[in-house]
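Each chain, letter by letter, is given below.
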Amino acid sequence: MSAPPADRVLTVPNLLSLFRLAGVPLFLWLLLSPGADGAPGWGDGWAVLVLAVGGFTDWLDGKLARLLGQYSRLGALLDPAVDRLYILAALLGLGARGIVPWWFVGLLVARDLVLGVCVLVLRGRGYGPFVVTYLGKAATFLLLYAFPLLLLGQADGAWGAVALPLGLAFAVWGTALYLWSGSLYLAQFVLALRTGPAHPGPPPSAVPSPD
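Here's what I pulled together on the structure shown here. Numbers given for residues are sequential positions, taken from 1 along each chain in its written order. Two thresholds apply to this predicted model, a pLDDT of at least 70 for residue-level local features and 80 or more for giving and counting side-chain atom pairs, whereas whole-chain, interface and lining totals are computed over all residues. With hydrogens and water stripped out, all remaining heavy atoms of the structure feed into the side-chain values.

## Let's talk about the nonpolar core
Our working rule: Think of a nonpolar core as a cluster: buried Ala, Val, Leu, Ile, Met, Phe, Trp, Tyr and Cys residues, connected wherever their side-chain atoms sit within 4.5 Å. Burial classes: relative accessible area under 20% of the type maximum marks a residue as buried, over 50% as exposed, and values in between as partly exposed (1.4 Å probe, protein chains only). Helix numbering and strand numbering both begin at the N terminus, where a helix is a DSSP run of H or I of at least 4 residues and a strand a DSSP run of E of at least 2. The contact rule is simple, with two residues in contact once any of their heavy atoms fall within 4.5 Å.
Of all hydrophobic cores here, the largest spans 30 residues; its most connected members are Phe27, Tyr86, Ile87, Leu91, Val100, Phe147 and Leu151. For this core, the elements supplying multiple residues, two or more each, are helix H1 (12-32), helix H2 (44-68), helix H3 (73-96), helix H4 (102-124), helix H5 (134-152) and helix H6 (158-195). Per element, the largest residue contribution to this core is eight residues, and it comes from H3. With near-sequence residues (within four places) excluded, Tyr86 lies in contact with Arg20, Gly23, Val24, Phe27, Val50, Leu51, Gly54 and Leu144. Cys118, Leu122, Phe130 and Phe189 belong to the second-largest nonpolar core, a separate cluster that totals nine residues.

## Remarks on the layout of surface pockets
As a reminder of what qualifies: The definitions used throughout rest on a 1 Å grid laid over the protein atoms alone, on which a cavity is an enclosed set of points accommodating a 1.4 Å probe that cannot get out and a pocket is an open set flanked by protein within 12 Å on both sides along at least five of seven lines; lining residues are those having an atom within 4 Å of a point. Grid points are joined across faces, edges and corners, and a volume is the space filled by probe spheres set on the points. For this classification, Asp, Glu, Lys and Arg are treated as charged, while Ala, Val, Leu, Ile, Met, Phe, Trp, Tyr, Cys and Pro are nonpolar and the rest, including Gly, are polar.
If you add up the space inside the second largest pocket, you get close to 180 Å³. Forming the boundary of the second largest pocket are Ile99, Val100, Pro101, Trp103, Phe104, Leu150, Leu164, Leu168, Ala171, Val172 and Thr175. Every element with two or more residues in the lining of the second largest pocket is listed here: H4 and H6. Tallying contributions element by element places H6 first for the lining of the second largest pocket, with five residues. Looking at the lining of the second largest pocket, its residues break down into ten nonpolar, one polar and no charged.

## What about the environment of Val24?
Along the chain, Val24 falls in helix H1. On the basis of relative accessibility, which here comes to 10%, the residue Val24 falls in the buried class. Residues Val24 and Leu51, spaced 27 residues apart in sequence, show a C-alpha to C-alpha distance of 8.5 Å. In contact with Val24, not counting residues within four places along its chain, are Leu85, Tyr86 and Ala89.

## What about the environment of Leu166?
Tracing the backbone shows Leu166 in helix H6. For Leu166, a relative accessible area of 40% translates into the label partly exposed. For the pair formed by Leu166 and Ala146, sequence separation is 20 residues and the distance between their alpha carbons is 7.5 Å.

## Comments concerning the pattern of salt bridges
We apply this condition: When a carboxyl oxygen of Asp or Glu is within 4 Å of a side-chain nitrogen of Lys or Arg, the pair counts as a salt bridge.
All told, the structure shown has ten salt bridges when counted by the stated rule. The shortest N-O distance in the salt bridge between Arg20 and Asp58 comes to 3.5 Å. Linking Arg20 in helix H1 with Asp58 in helix H2, this pair joins segments that are 38 residues apart in sequence. With respect to class, Arg20 is no different from Asp58; both count as buried. Of the charged contacts, one joins Arg20 and Asp79 as a salt bridge, the two residues approaching to 2.6 Å between their closest N and O atoms. Taken together, the residues Arg20 in helix H1 and Asp79 in helix H3 connect sequence positions 59 residues apart. By the burial criterion, Arg20 is buried, and Asp79 matches it. What you see here is one network of salt bridges that share partners, running through Arg20, Asp58, Asp61, Asp79, Asp83 and Lys137.

## Comments concerning the packing of aromatic side chains
Given two aromatic rings, their pairing is described by the distance between the two centres and the angle made by the two planes. Here is the rule: Centres within 6.5 Å are what make two rings of Phe, Tyr or Trp a pair, Trp counting through its six-membered ring; a difference in plane orientation under 30 degrees is then read as stacked, over 60 as edge-to-face, and the rest as tilted. Charge-over-ring contacts are defined here by two conditions on Lys NZ or Arg CZ: a distance within 6 Å of the ring centre and an angle within 35 degrees of the ring normal.
Applying the stated criterion to the full structure yields five aromatic pairs. Between the aromatic rings of Phe141 and Tyr145, the centroid separation amounts to 4.6 Å while the plane-to-plane angle is 45°, which identifies the pairing as tilted. Of the two residues, Phe141 and Tyr145 both sit in helix H5, four residues apart, roughly one turn of that helix. Residue Phe141 is classed as partly exposed on the basis of its relative accessible area of 46%. Judged by its relative accessible area of 43%, Tyr145 is partly exposed. Cluster of aromatic residues (ring-pair linked, three or more members): Phe141, Tyr145 and Phe170. The aromatic ring of Tyr178 is capped on one face by Arg111, whose charged end is 3.8 Å from the ring centroid.

What follows is the structure, encoded as structure tokens:
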């Protein structure tokens, strides 16, 4: 007897998400590996390529999930988790390279840590994970574009001169939306605590979904 669709593991979208997950350590290694002169930077182009492939497969697995009707609980957890890991890897790599300040790294990592604790508390009260909003996806999209642009902005010449201001713009807007979406998730968390234990499912929305 086949498993219900929501419980399926071996789906095309899930396999793409696992492929993306395998790219996270490769991306970080390319970002931090020193070249022949002992300075990092030789793998920047390859790191950007890995990030671009990850972004494409992120779009593709969502598209295929809709086209093939292959939604699953694992996919709902795995897809945003891989996004978070790419952001974390990029932040740590760019922070170690001195491209972004460590306070910026700490700000975004703290947002995810706080929400991670909230999810654990909600799970203990019978709720599922937060439903990913369009605003949260937009913030992730902006940040995943900002990081390779900031990386390319370290190069000399016209490419660097164009990429750096674009990367900074994406980073500012992405960070603002990332923190704002985090505040919306926190509002859901507070409302769920006031509501009390619930049947399995996402916490109640304290505000309309930003679509």
